[in-house]
Amino acid sequence: MLIKRRDAAARSPRLQAVAAGLASGALDRRTFLKRSGLTAGGVVAIGASLGSVRKAEAIAAHDHSKSAERKMNMCTHCSVGCSIVGEVQNGVWVGQEPAWDSPINRGTHCAKGAASRELVFGDRRLKYPLKLVNGQWQRISWDQAINEVGDKMMEIRGKSGADSVYMLGSAKFTNEAAYLFRKFGAFWGTNSVDHQARICHSTTVAGVANTWGYGAQTNSYNDIRKAKTIVFMGSNAAEAHPVSLQHILTGKETNRANVIVFDPRFTRTAAHATEFVRFRGGTDIAVIWGMMWHIFQNGWEDKEFIRQRVDGMEQIRAEVAKWTPDEVQRVTGIPGEQLKKVAETFAKQRPSTFIWCMGGTQHTVGTANVRAYCNLLLATGNVGAEGTGANIFRGHTNVQGATDLGLDIGTLPLYYGLVEGGWRHWARVWGVPYDYFVSRFDEVPAKGGRPARTAKQNMETPGIPSTRWFDAVTHKPDDVDQKDNVKAMFVFGHGGNTIPRMPDSVKALEMLDLLVVADPHPTTFAALSNRKNGTYLLPICTNFETDGSRTASNRSIQWGEKFVEPIFESKDDYETLYLLAKKLGFADQMFKNYKMVGNKPVPEDILREINRGGFSTGYSGQSPERIKAHMANQGKFDVVTLRAPANEASIGGDYYGLPWPCWGKPEIKHPGTHILYNTNLHVKDGGGTFRARFGVVREEKQADGTARQVSMLADGSFSQGSALTDGYPEFTFGLFKKLGWDSDLTAAEVEQITAIGGNNPDTVGWATDLSGGIIRVCLDKGVLPYGNAKARAVAYNLPDPVPVHREPIYTPRTDLVAKYPTRPDGRQFRMANIGETFQKRALEQGVAKQFPIILTSGRLVEYEGGGEETRSNKWLAELQQDMFVEINPADASERNIRDGQFVWVSGPEGNARARVKALVTERVGKGVAFMPFHFAGWFQGADQRGNYPKGTDPIVLGESVNTVTTYGYDPVTGMHEGKVTLCQIRAA
Amino acid sequence: MARMKFLCDADRCIECNACVTACKNEHDVPWGINRRRVVTINDGKPGERSVSMACMHCTDAPCAAVCPVNCFYTTADAVVLHSKDLCIGCGYCFYACPFGAPQYPRVGNFGSRGKMDKCTYCAGGPEADLTQAEYVKYGANRLAEGKLPICAEMCSTKALLAGDGKIIAEIYKERVTRRGYGSGAWGWKTAYKETVAI
Amino acid sequence: MKMAINALRALTFALALAVLGQAAPVAAQQAPNPTAQSVKEEQLLNALRGGDAVAGRITIPDRTAASLIQPEGKSFRDFHQGSLWLIGGVSILGMLALLVAFYGTRGRITIDAGFSGRTVTRFGGFERFVHWLTAGCFVILALSGLNLTFGKALVAPVFGDAAFAALAGWGKIAHNYLSFPFMLGVALMFLVWVKDNIPSKLDVEWLKAGGGILKKGQHPPAPRFNAGQKAIFWIVIIGGVAMSISGWYLLFPFESGHTVGDQQFWLNVHAVVAMIFIAVMLAHAYIGSVGMEGAFDAMGSGEVDENWAKEHHSLWLAKEKQRAGATPPNAVPAE
């Protein structure tokens, strides 16, 4: 029985009605507890009014007089990777207990983790498949849903091509489901397979990988305990990654560490900092160059580190020289003295670590921002050692794993490129002829002055980023560089309100022929538009109702156990993908390597297949058995080093979760890599060097016009115990032969290498050698299979090889646009990217005058992502009942806005506006407003609760910030500009 | 017997609200009842601190003193509990409580607040330990299972400490000494008439 | 009343005043160290005045929850368990003692002239209904109210905690619901009797004469209501209104965003007024029943003896008779 406080209701009648709804109708089973007239009590399973839905078990929660089964899984709400211990009685999840042994969370949770159990008896889940018929939701069977969806997909494929079906996957997938989804895309014949990483850390992955090799957090949450200086830039970890603060605050206390927070907003994280630096959003590069100006000026850089391990720092130095303290203050607003102090602290009080999140990545210059951060770390020698590193906090439970496993429009699983070699590698692993995949892709005709593409060329062309899917629907066919526009959206576990320009996505939704939402909740996708037909909602269970592994931000892989069977009629991702593949006719081939239980492939088998092909990223050593042994022995891992004592059976010497790269086959028992590029350790102990990913030499133009060859390999730096004591390239069979190391390979290994290589076995490299032999021998020789290079301060293959400051498209500082314009218009990812046109138009129209306030966005601790799941969770929803905008008291008083009243926040594009409550606070500076982005269900003032299928509407609805956010895309990854736009605020 | 207390180290509390939802989850506390809550002082300004607050299980508890029907009692572990069978929902304990701990299922219009509900320090109520009757009225009894309150056990940054007063005071003292600052043992003076001397 | 003033002050004490500066705009700013500038509990507690609370921001809509520590709870407890007992004890026991003493010295006030046998209508049916409605409610409200303060010491030991809690529970329900007819009664009383209760010069004389009840045979003239009754009337009205307002806030504690401090204040007002009110009503009840011969009839049957009326409300009786149109046998007012 839910009881609502009247005072809350009085001010929020809408919510009162919702709360009342919770206690009525189908949920009346709860009222049996009312007889007690008391407050506590509850019911776990769901009511009987749902027909064939799983039988109601109206038992009171947790019977403490009986014992309960303990199971372990992970929290799905961020990437920290907190273990959740569930107590299960009679197949019902009745209680949560602290997971004391987890070295990551040590029993603790944030609001979301502690409320996880609600996800599995939540009344607002999708209960059975639904279909939209003339604007009405109709219950249908799974069979009917799969049949109709499959038929429609085939029809679209026939008319418009495979690329017209957009596959949006999820960071909530297990590794196995993510991999399966990417594989599904390959079998279907499209590279438009994406997920939340696009809007989260795609620029990080691109920026970091282009600097030193791999796109991931270099160290771990736990390792931050060793840092002496901790910098947050555009990261509000206290709200977005609360459990990480356990390690950070402990480090801050024990080391008396400096905690420096750069943010336009005085965040909850800033409240616990030793230094808060407020700066103007979108000027990160200027800030970093400003810090490095002081560092170079005073000789605080780590010269030896740069000499040995960094390539191109002189070019950075030249750019940095332009950023004098005066110019930095003019652009960023940070006083010179403060920045000097911070720069000195960062350079001198080492080890220093740099943490960033969406505040850094969600920009038109996202990738450049990331590379500037990396440069700061490289210049001060703060990479590749304990307490240092680029600690990138990712946002979803498995956004790292899903990225690794190829839910990306530009890669195959584990970063194998969209090139013939990559495709052939996976075709071999999958046991399917390469030509089959070529046959699945569209041929693209010549359009808009661009040449035609063969199927093979198309399969090597990156797809459309999730930030632009709606443009790919609504733009003229000539503008979209594929056979036809997107006609169908296939959304597995992705919110519909997390991408800017929602008014445009509404238009696109209404134009789609087919919309499939497979999710525990209907999501904003289902409710946002006025679609009348052709929407299918497939109820998918949560991770607590399925097995599988997940990769936390620190690259540790953890195995989650199924707590209970999927509730209602929901199915897991594995089964749903199998049913669809079967309908589409490729299930036999796609699932042939897995043991099937009914319609479900065994996830352990999927992981084993990943292991067999995952050499490039070191996903090869984490067999299900090893990961499960880690879960069973969590308590034996050290909380700082994450390492188990050497003498422990089965896990001895391992790092917790075998953080990738975990080299070679599971049998060779590589311990995983806690800290990337750490030359202080032997590779067999998780040591490493920067990756030789970009060739061995580069040409550098000299002043006299001649060119000089510059080595990109490390200079006198190598990991401990290395047989090679200088830089070296990545290893191939050919190089092995030159070194005479081929004799260390077994006959079977050589045979397999030869089979893979065909006519030219010398080209078989460590990453495509399915025998694992090359890697095995590398480890024995103490060298890194991927080589030993310098990190690249300058990424020659990217736009702006040396990052340069560029004003946001919608900037209040119009005076700076001429000097720091956004990038010229161009085309990337099959779409035009015309930021320059938008910036010019904004200048001409005087947008900055009409919309004088910078609008930024971010997370609340109670909600996650699009928020459908968390806003449907009554324990969380109660804590944040209204969408709001934070506004500075000065801006509020100029506008006669009182705290708590409704206001209209309007954006500069398409008269977009949002009706939200004002939260007047000094948390934001004057001229800055902040909105959380988890809300949806109101659109430009209209309450869309009625659009949700009955009983599945989230408890809390509100305007989405992305209704008023605007155009702007990073040229490298298609990342949207989510953190800086302009707005105007008026009392409603 | 231990003298159970709560201590919120505000220099660690990040207002993540885990304590709040852990409590809701453990005891299936309904919407509108907040046995625990987090209040942020100086919100949005430098020096901002958040404090997680619930029933502090006071020494010589004011709620017990003003209760007209003697429904409160103090356990051997110094946990202040109450009997919902005796409670008449008059609201006096709410008036007397310095911490806003007593909660009522209804808002008290026409005086019908319903039976008072509050933090039990995860120690159930007067019913027999670990029975369904106890669970339904008061929630789980973790103390009887040898566990501490779930809010403190699940606190993301280990800001909220629960356990014997002497031990948690020691932990807090040690932290303050090590890091060199501390905003105080919030509520201790008011609840226990003592504070943690550093 | 210090507490009252404190409580009435805005209780959501803006703690910003404590130490800290303003957040700077984007461009120009200091370099704040949030750790070093953190608020300290002690500092905040020291800055508190009276009923203020250490308060902050909270995201749930229950604004009272934003109050973190309100040490005033202790004062409430001290008042409720200390001063209130004293006030209640002194006023109620004191009044009882006074009445006993009065009865002992003066005895029952009889009608000097004896019953005439002729009656005159003093209160009509509606008036008596209003009186008894209010009085009946008052008695139950008073008993159930006193029970909440003194019951656990005086009644609980007799019945045991469980039975007492049940009794108190019913008492509370009765208290809450009978408050409405009581409030109606007070309002009606005011409308019905206010015109007869306007103070006049006669009241001074009546009071000078001690109302004629201290000494046998002395009967100062009085209109429909003498000064004593007027005092009772105004005490009932003012007391009733005070009880109603304070009670209303207690019945609807959160409707208009009242803080705990407000509620403490209104409960204290309610309790103190109640104690005095009850004491006064004891005297009223005494004089209207055992204390004075013939008085009860006024509210009993509504018909009073002419001689009683002559002695206590001579002016009224004269007026009544005049109004009746019949010239009384002895037209000279009894003076």
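What counts, and at which threshold
Residues numbered from 1 in each chain as written. Chains lettered and ligands numbered in written order. Predicted model: local features only at pLDDT ≥ 70, side-chain atom pairs only at ≥ 80, totals over all residues. Helix = DSSP H or I, 4+ residues; strand = E, 2+ residues; numbered from the N terminus. Domains from an automatic or database assignment. Axes fitted to C-alpha atoms, helices over the stretch in contact; angles between N-to-C directions. Parallel < 35°, antiparallel > 145°, perpendicular 65-115°, else oblique. Contact = placed C-beta atoms within 7 Å. Nonpolar A, V, L, I, M, F, W, Y, C, P; charged D, E, K, R; others polar. Core = buried A, V, L, I, M, F, W, Y, C linked by C-beta atoms within 7 Å. Buried ≥ 20, exposed ≤ 12 C-beta atoms within 10 Å, placed from the backbone. Pairing = 2+ DSSP bridges.

**Focus: unusual backbone geometry**
Right, so step 1: With omega at -5 degrees, the peptide bond leading from A:Arg350 into A:Pro351 counts as cis.
Right, so step 2: Position of A:Pro351 among the secondary structure elements: in the loop between α14 (336–348) and β12 (352–356).
Right, so step 3: With an omega of 0 degrees, the peptide bond between A:Trp660 and A:Pro661 qualifies as cis.
Right, so step 4: Along the polypeptide, A:Pro661 turns up in the loop between α27 (624–632) and β21 (697–701).
Right, so step 5: One non-glycine residue, B:Glu15, lies in the positive phi region at around 55 degrees.
Right, so step 6: One can find B:Glu15 in the loop between β1 (4–8) and α1 (18–27).
Right, so step 7: One non-glycine residue with positive phi stands out, namely B:Leu130, at about 60 degrees.
Right, so step 8: In this structure, B:Leu130 sits in the loop between α3 (92–96) and α4 (132–138).

**Re the domain arrangement of chain A**
Right, so step 1: Examined at the domain level, chain A breaks down into domain 1 (148–197 + 399–542 + 563–615), domain 2 (218–392), domain 3 (697–792) and domain 4 (814–987).
Right, so step 2: One C-alpha centre belongs to domain 3 of chain A, the other to domain 4 of chain A, and the line joining them spans 48 Å.

**What about the packing of helix α10 (residues 284–297) of chain A against helix α12 (residues 313–320) of chain A?**
Each pair of packed helices gets described by two things: the angle between the helix axes and the distance between those axes.
Residues and elements named next belong to chain A.
Right, so step 1: Across the interface, α10 lies against α12 with an axial gap of 9 Å and an inter-helix angle of 105 degrees. It follows that α10 is roughly perpendicular to α12 by the angle criterion. Between α10 and α12, the contacting residues are Trp289, Met292, Trp293 and Phe296 on the first element and Arg317, Glu319 and Val320 on the second.
Right, so step 2: Here the residues of the contact of α10 with α12 sort into five nonpolar, no polar and two charged.

**Regarding the nonpolar core**
A general feature of soluble globular proteins is that nonpolar side chains tend to end up buried together.
Right, so step 1: Core analysis: the biggest nonpolar cluster contains 405 residues, and A:Phe181, A:Tyr373, A:Val885 and A:Ala929 have the highest contact counts within it.
Right, so step 2: Looking at this core, the element that brings in the most residues is helix α9 (residues 260–288) of chain C, giving twelve residues.
Right, so step 3: Beyond its immediate sequence surroundings of up to four residues, A:Val885 is in contact with A:Val903, A:Val905, A:Val916, A:Ala918, A:Leu919, A:Ala929, A:Phe930, A:Met931 and A:Ile985.
Right, so step 4: Among the nonpolar cores identified, the runner-up in size contains ten residues, and C:Ile111, C:Phe123, C:Ile287 and C:Val304 belong to it.

**Regarding the interface of chain C and chain B**
Many analyses report the size of an interface as the accessible area lost when the parts associate.
Right, so step 1: In this complex, chain C contributes 55 residues to the contact, which on the side of chain B involves 46 residues.
Right, so step 2: Contributions of two or more residues to the side of chain C that touches chain B are made by α2 (41–47), β2 (67–69), α3 (72–106), α4 (125–154), α6 (161–193) and α9 of chain C.
Right, so step 3: Counting residues per element, the side of chain C that touches chain B draws most heavily on α6(C), at eight residues.
Right, so step 4: For the side of chain C that touches chain B, a count of residues per class yields 30 nonpolar, 15 polar and ten charged.

**Here's the deal with helix α30 (residues 773–781) of chain A**
All names here are of chain A.
Right, so step 1: Those residues of α30 that sit buried are Gly773, Ile774, Ile775, Arg776, Val777 and Cys778.
Right, so step 2: Residues of α30 that are buried in the fold lie against α28 (733–739) and α29 (747–757).
Right, so step 3: Positive phi shows up at Gly782, right after α30, with a value of about 70 degrees.

**Some words on the sheet that holds strand β4 (residues 130–133) of chain A**
Residue and element names in this part refer to chain A.
Right, so step 1: The strand order across the open sheet formed by seven strands is β5-β4-β16-β15-β14-β6-β7, and the pairing between neighbours is mixed. Lying at the two open borders of the sheet, with one neighbouring strand each, are β5 (136–139) and β7 (193–194).
Right, so step 2: In terms of strand pairing, strand β6 (residues 165–168) meets strand β14 (residues 488–492) through four bridges, oriented parallel. Counted as the bridge partner of Val165 is Ala488 from β14.
Right, so step 3: Each of β4, β6, β14, β15 (514–519) and β16 (535–539) touches helix α5 (residues 142–160); the most contacted strand, β15, lies at about 135 degrees to it.

**Considering the pairing of β4(A)**
Residues and elements named next belong to chain A.
Right, so step 1: Relative to β5, β4 is paired through four bridges, and the arrangement is antiparallel. In the strand pairing of β5, Leu132 is matched with Trp137.
Right, so step 2: Pairing of β4 with β16 involves two bridges; the strand directions are antiparallel. Residue Lys131 lies in a different strand from β16, and its bridge partner there is Tyr536.

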